[in-house]
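# Per-entry structural report
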Amino acid sequence: QVQLVESGGGLVQAGGSLRLSCAASGSTRSINVMGWSRQAPGKQREFVASIGDGGSTNYADSVKGRFTISRDSAKNTVYLQMNSLKPEDTAVYYCHVAFRTGTGWDYWGQGTQVTVSS
């Protein structure tokens, strides 16, 4: 079992920045990939970014060049630095982890709200 706790969400003006954090606890040695997804009101949840155990990253096209995912394995924490935020980035952001690549996400956090005002 893995527990995930997100923090860092809030209200920010368009063009601003936020940094999300997600701390993992429990069976953290089994974690391979960590990532973030988001769900805007009335929309399906969508992938945002992921980072593998070796540091390889993937991003959704909508956030490339604006968001940066990073990972501190010693702290079992994944971060999402979000710059140049747009109103369309408004969503609940969820942290998730996978034990193996290509098999889907094994655990999800409860989510943290990010609201970008125009």
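In short, a report on the structure. (Residues numbered from 1 in each chain as written. Predicted model: local features only at pLDDT ≥ 70, side-chain atom pairs only at ≥ 80, totals over all residues. Heavy atoms only, no water.)

## Looking at the sheet that holds strand β1 (residues 2-7)
An order of β1-β3-β8-β7 is seen for the four strands of this open sheet, with the pairing classed as antiparallel. The open sheet has two free edges, formed respectively by β1 and β7 (67-72), since each of these has just one partner strand. Geometrically, the sheet is characterised by an average inter-axis angle of 15° between neighbouring strands, direction not taken into account. (Pairing = 2+ DSSP bridges. Helix = DSSP H or I, 4+ residues; strand = E, 2+ residues; numbered from the N terminus. Axes fitted to C-alpha atoms, helices over the stretch in contact; angles between N-to-C directions.)

## So, the side chain of S50
As for its position among the elements, S50 is in strand β5 (residues 46-51). With near-sequence residues (within four places) excluded, S50 lies in contact with V33, M34, G35, S56, T57, N58, I69 and W105. (Contact = heavy atoms within 4.5 Å.)

## Description of the environment of W105
Relative to the assigned elements, W105 resides in the loop between β9 (91-98) and β10 (107-108). With residues near it in sequence (within four places) discarded, W105 still touches V33, M34, G35, F47, S50, H96, V97 and A98.

## Some remarks on the environment of Q44
Following the sequence through the fold, Q44 ends up in the loop between β4 (33-39) and β5. C-alpha of Q44 to C-alpha of L80: the two residues are 36 residues apart in sequence and 20 Å apart in space. Once you skip the residues sitting within four places of it in the chain, Q44 turns out to touch R38 and Q39.

## A few points about the pairing of β4
Of all seven residues in β4, six are buried; the element is thus mostly enclosed. Both β4 and β9 contribute to a ladder of seven bridges, which runs antiparallel. Looking across to β9, one finds that M34 is bridged to V97. In terms of strand pairing, β4 meets β5 through five bridges, oriented antiparallel. Residue pairing in the sheet places R38 in a bridge with E46 of β5. Here β4 folds back onto β5, and the loop between the two strands holds six residues, one of which, G42, carries a positive phi near 75°. (Buried < 20%, exposed > 50% of the residue type's maximum accessible area, 1.4 Å probe, protein only.)

## Describing unusual backbone geometry
One non-glycine residue, N76, lies in positive phi territory at about 55°. In this structure, N76 sits in the loop between β7 and β8 (77-82). Judged by relative accessible area, which is 25%, N76 ranks as partly exposed. Positive phi, close to 50°, is recorded for S84, a residue that is not glycine. Structurally, S84 can be placed in the loop between β8 and β9.

## Quick notes on the nonpolar core
The nonpolar side chains of a soluble globular protein tend to be buried with one another. One finds W36, V48, F67, V78, L80, M82 and Y93 to be the most contacted residues of the largest nonpolar core, which totals 28 residues. Looking at this core, the elements with two or more residues in it are β1, β3 (18-26), β4, β5, β7, β8, β9 and β11 (112-117). (Core = buried A, V, L, I, M, F, W, Y, C linked by side-chain atoms within 4.5 Å.)

## Quick notes on the packing of aromatic side chains
Each aromatic ring pair is characterised by the separation of its centres together with the angle its planes make. For the structure on display, the rule yields two aromatic pairs. On the numbers, 6.4 Å between centres and 75° between planes, the contact of Y94 with W108 is edge-to-face. Here the residue Y94 occupies a position in strand β9, and W108 occupies one in strand β10, the gap between them amounting to 14 residues. Against the face of Y79 rests R19, its NZ or CZ located 4.0 Å from the ring centre. Above the plane of the ring of Y94 lies R45, whose end atom (NZ or CZ) is 3.9 Å from the centre. (Phe/Tyr/Trp six-rings, centres within 6.5 Å; stacked < 30°, edge-to-face > 60°. Lys NZ or Arg CZ within 6 Å of the ring centre and 35° of its normal.)

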